[in-house]
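The residues making up each chain are set out below.
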Amino acid sequence: MSKTFTLNEAQTVLPVVEALLRKAQGAGLRAASLGREMQQLSQRIFLAGGMHVNVAQTARRRAEREKALRESTDTLAEIDEIGVQVKDLEQGLLDFPCMMDGKTVLLCWKLGEKEIGFWHTPEEGFAGRKPLDVRFGKTEKERLN
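The structure displayed is predicted, hence computed values, not measured ones.

J.: Any details on the sheet that holds strand β3 (residues 103–110)? Residues and values, ideally.
T.: Strands in a sheet are paired, the pairing made by backbone hydrogen bonds, and the direction either parallel or antiparallel. Reading across from one edge, β1-β2-β3-β4-β5 is the order of the 5 strands in this open sheet, with antiparallel pairing throughout. The sheet is open, and its two borders are formed by β1 (85–88) and β5 (130–131), each paired with just one other strand. Sheet analysis places β3 next to strand β4 (residues 118–120), joined by 3 bridges and oriented antiparallel. Bridging across to β4, Leu107 finds its partner in Trp119.

Laid out in structure tokens, this is it:
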């Protein structure tokens, strides 16, 4: 069985996972930018019918892209090892598996939210998010604050 979290455990680990998520996003953006740069260079070479290229500089940029891709992949693996599921890296969607009434549900958090405040079943996904309720240890008063 995979790791499950209580709401309190998920809230406690959230700052660490958020920092890792931001690191993975940054590395992914760098890799994408460098990939576009390499693609534009290839297109210029093709359109010009060939051209002189600074091979050393191009090799460095390609290595930078590979390093950024590796950093993003490794950071996502680190999040996965914690037991948290990254549902959408670009939007910053995370799910924390949780047991409720004997079934696995997902505590749902999106980058920019102050805390975990929603849940959904695995089948419903993000579109089926519902506010946390007393089953997760939140009182009505806490949910309204």
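After that view of the structure, there is still more to cover.
J.: Help me get a handle on the pairing of strand β2 (residues 93–100), residues and values and all.
T.: Most of β2 is tucked away: 7 of the 8 residues are buried. Sheet analysis places β1 next to β2, joined by 3 bridges and oriented antiparallel. The residue of β2 that forms the bridge with Asp88 is Leu93. In this antiparallel pair of consecutive strands, β1 and β2, the connection spans 4 residues, and Gly92 shows a positive phi of 75°. Bridge count between β2 and β3: 8 bridges; the pairing is antiparallel. Following the sheet pairing, Asp95 is matched in β3 by Cys108. Joining the antiparallel neighbours β2 and β3 is a turn of 2 residues, in which Asp101 adopts a positive phi near 55°.

Thresholds, definitions, all that
- Residues numbered from 1 in each chain as written.
- Predicted model: local features only at pLDDT ≥ 70, side-chain atom pairs only at ≥ 80, totals over all residues.
- Heavy atoms only, no water.
- Pairing = 2+ DSSP bridges.
- Helix = DSSP H or I, 4+ residues; strand = E, 2+ residues; numbered from the N terminus.
- Buried < 20%, exposed > 50% of the residue type's maximum accessible area, 1.4 Å probe, protein only.

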